[in-house]
Every structure is written in C-alpha cells, then in structure tokens.
Amino acid sequence: MNRKIGIIGGGQLGKMILDETNKMGITVSILDPSNESPCINLSKNFIQGDFKDYHTVLNFGLKHDIISYEIEHINVDALDELVRKGVEVQPAPEILRVIQDKNKQKSFFKKNSFPTSDFYYFKSKNVLLDYHKKNNINFPCVWKKTKFGYDGFGVKILKNENDLFDLPDSEMIIEDFVVFKKELAVIVAMNKNRDIKTYDTVEMEFDPDSNQVEFVISPANISEKINTIAKKTASDLAKKLNLVGLLAVEMFLTSDEKILINEIAPRPHNSGHFSIDACPTSQFKQYINTIINCELGETFHENCAVMINLVGEESHNGLVKYDNIDSIKDRKDIFIHIYGKKMTRPNRKMGHVTVICDNFDEAYKKAKKIKNIIKVKSY
C-alpha cells in the first residue's frame, strides 16, 4: 500500500481508477499530455507530458515502484527500460507489444489456437491492391489499421472493390467478415499469485455509423453454456499471456453458436463500466487489486444492468452541455457518470449512465429512453 504507483494515461479510465484509489487511501501519480485531463484535480501528483515520448515515460516511471497504464498507445521501449532498471510494469511490456499491433495480436491468437477469424497482413495499400489483382479478396471483409485504432477509428467494413481505393496508406490487416448473432465481452483479472476472476459475459450493441458501443448489457442474453465458454476463453487467454492486471476480451457469437475472439485490451474497458454500480468489486478496484497483488474481489451481480454511453452529438464542437440530464439525476435505479471533459466533439465519450433493474426488459426500455433523451451538445 505504501509503494509508489504511476498510471500512464489520464482520460476517463484514469479518473475512474482514481475514484477507487482515493477511497482506498492509495496515492497514484498520473502522466497525461492534456492540461484538461479528467484526472488533473483528482491526483496529488499529475504530470503533464507526452506518453508517446521515450524520455518522458522513462523519467516518470523511474520515480515509482509500479507503473501501469490505461491506454495502449504509449512508448513501450521506455517500459522495457523501466523493467531493466527494476521498476515493476504491469501488465508487462511484452503483452502491450502484442496488443498494440493488430497483426501481432491476431497472430498470437492463431499461434496459440485461440478461436478467431482468418486474416491477411499487408504492409501498405499498394501491396493490398497488388494482392487483390492476383488473388481477388472476398467481399465483404473487414479492414483494420494495425496500430493506433480506437473507438471505431481505424476499422471499416469493405463491401466491394471500390472501397479498397478509399483506404489510407498504412500497415493493415484484412479479416474475414464474421456473420454473428451477438458481440460479447468478458473482463478477466489476474494477480501475481495467478489468482483469477472473471465478470459475467456482457452483450454489446454498437452504433452502425460510428462503430462505437451504445449499450452494454450484463448479464448477456445467452445460454449458460456460452457464458461458461466465453469466460473460460478469456481466462485461458489471460493465463497464456501471463497477465498481471485486467484484460478485456471482445468476442463474436456466431450464427452456429461458436465463440470467436475479436480484439483484446490490457486495461479497464468500456464493457466493464456497469460494474461500478452493479458489482461488489468494480473493474477499477479489481485493476488495482491485481497490480498491487491483493486478493481479488467478488464480481457477481444479481440484477440486470444496462450501460449507455454518452457521446458527443454530430456537428457539436466546443464547451460541453448535457441536455436533459436533470430529468434522470434523482432516480434511485439510474447512475450517472460524467467524465469531466470540458470540450465535446462528435462521438467523443463524455460519460455513461447505468440502469439497474430486476429484469432485462425493464432495464433495456429505460436505457433506450435515456439514450433518446440525454444529448451531449456544445454551447
């Protein structure tokens, strides 16, 4: 509890981590490039700096006993050097190297026999176009930038040959298009003792235009058999990675009742936000438990929880305002989380709302209504 902990990244995930560490009496430093970070007034030691810069990350890390992160797009070479100098980095840098690159990530799944869609790697757009001339890519398929994608950016469904010409020039993978019934996710936690806990499988509903999650439903409307398979798949993956920390595993449930891994993230995740209000141990408290090697908390919940993402409306850029937020603020079954970002822009994550009810139909109906009523706009 007295070890110096530094977290790289100070967005909404950092804010929610600090919400837990401040309750626990644990002092945590934050490194983030923005002087408007949601963490700036919550951390006693907020450092403004570029987490992609080698020396900034190295100098920040050397002042701490444990370094972790709430964002993937950081300088891994600096993390490697911190480990060489005796600083504990969790999850380990080699895990982050795999996850930062979607080609390495998918190759890891294939090499270790984890179920995932087939894919091809291309070094550039020209290489992709040459390949298509000789082999004919099957449409539809999914294009993904290998690096720096987030919240739907860097992912596109290619419907026909014309879509190839609109792609940016970058390293990429082309995945087989998966016909699925549901998109699922499991949050799994593992500490240094290799104790492991999973949250129940959740179901995610995405906006078809932005490719962002709109609703997260827990527990997912799936059979207990599928729930067990999904949780075991996530646990096996965490063990294979030698994880210390939190891992979010996004999956497809196919039309023939098979689980395929889509992507993974080595940190707290949007699909686990419901746990703050629904579970005895939130994903953020569990994250801290893992990196300081404490006993892992309980993850069950009895009621149905539906989380709604609050994102910036189209054509709204500037100082944020939350239309109609007062209409739900005093409801005992509705929990509002505003991330403290001053500026909004289209599709920027600005907060979330969690509805907890005894049954799914009631919770989902309320969630849909909230999504239609609450609008994130600019002045």
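Residues numbered from 1 in each chain as written. Predicted model: local features only at pLDDT ≥ 70, side-chain atom pairs only at ≥ 80, totals over all residues. Heavy atoms only, no water.

1. Focus on the packing of helix α4 (residues 93-100) against helix α5 (residues 102-111)
No. 1: At a minimum axis distance of 5 Å, the contact between α4 and α5 shows a crossing angle of 105 degrees. Judged on the interaxial angle alone, α5 and α4 are roughly perpendicular. Within the contact between the two elements, α4 uses Arg97, Val98, Ile99 and Gln100 and α5 uses Lys102, Lys104, Gln105 and Phe108. (Axes fitted to C-alpha atoms, helices over the stretch in contact; angles between N-to-C directions. Helix = DSSP H or I, 4+ residues; strand = E, 2+ residues; numbered from the N terminus. Parallel < 35°, antiparallel > 145°, perpendicular 65-115°, else oblique. Contact = heavy atoms within 4.5 Å.)

2. Things to note about the sheet that holds strand β2 (residues 28-32)
No. 1: In spatial order, the strands read β3-β2-β1-β4-β5; together these five strands make up an open sheet with parallel pairing. The open sheet has two free edges, formed respectively by β3 (45-48) and β5 (88-89), since each of these has just one partner strand.
No. 2: In the sheet, strand β4 (residues 66-69) pairs with β5 via two bridges, with the strands oriented parallel. Note that in β5 the partner of Ile67 across the bridge is Val89.
No. 3: Those strands touched by helix α2 (residues 54-61) are β1 (5-8), β2, β3 and β4, and its axis lies near 175 degrees from that of β2. (Pairing = 2+ DSSP bridges.)

3. Notes on the pattern of salt bridges
No. 1: Applying the stated criterion across every chain yields a total of 23 salt bridges.
No. 2: With a closest N to O distance of 3.5 Å, Asp19 and Lys15 form a salt bridge. Residue Asp19 and its partner Lys15 are located together in helix α1 (residues 12-24), separated by four residues, close to a single helical turn.
No. 3: By sharing partners, the salt bridges in this structure join Lys106, Lys144, Glu175 and Glu263 into a single network. (Salt bridge = Lys/Arg side-chain N within 4 Å of Asp/Glu carboxyl O.)

4. Brief notes about the packing of aromatic side chains
No. 1: Scanning the entire structure with this criterion turns up five aromatic pairs.
No. 2: Summarising the aromatic geometry, the rings of Tyr120 and Tyr131 are spaced 5.7 Å apart at their centres and angled 40 degrees between planes, so their arrangement reads as tilted. Note that Tyr120 is positioned in strand β6 (residues 119-122) and Tyr131 in helix α6 (residues 125-135), a separation of eleven residues in sequence.
No. 3: A residue is classified by how much of its surface remains accessible, and Tyr131, at 26% relative accessible area, is partly exposed. (Phe/Tyr/Trp six-rings, centres within 6.5 Å; stacked < 30°, edge-to-face > 60°. Buried < 20%, exposed > 50% of the residue type's maximum accessible area, 1.4 Å probe, protein only.)

5. Focus: the side chain of Thr290
No. 1: Examined against the element boundaries, Thr290 turns out to sit in helix α10 (residues 283-291).
No. 2: Given the relative accessible area of 0%, Thr290 is considered buried.

6. Re the sheet that holds strand β21 (residues 375-378)
No. 1: Taken in spatial order, the three strands line up as β19-β17-β21 in an open sheet, and their pairing is antiparallel. Both edges of this open sheet fall to β19 (343-344) and β21, since each of them pairs with a single strand only.
No. 2: As paired elements, strand β17 (residues 318-323) and β21 share four bridges and run antiparallel to each other. Bridge pairing in β21 places Lys321 opposite Lys377.

7. Focus on the environment of Leu58
No. 1: Examined against the element boundaries, Leu58 turns out to sit in helix α2.
No. 2: Of the residues examined, Leu58 reaches a relative accessible area of 10% and is grouped as buried.
No. 3: As a C-alpha pair, Leu58 and Glu81 span 23 residues in sequence and 7.4 Å in three-dimensional space.

8. Concerning a nonpolar patch on the surface
No. 1: Taken together, the side chains of Ile157, Phe177 and Val179 present a nonpolar region at the surface, about 270 Å² in accessible area.
No. 2: Relative to the helices and strands, Ile157 is located in strand β8 (residues 155-158).
No. 3: Judged by relative accessible area, Ile157 falls into the partly exposed class, the value being 44%. (Patch = residues over 30% accessible without salt bridge, like charges linked within 9 Å, V, L, I, M, F, W, Y side chains within 5 Å. Areas by Shrake-Rupley, 256 points an atom, 1.4 Å probe, with all protein chains shown as cover.)

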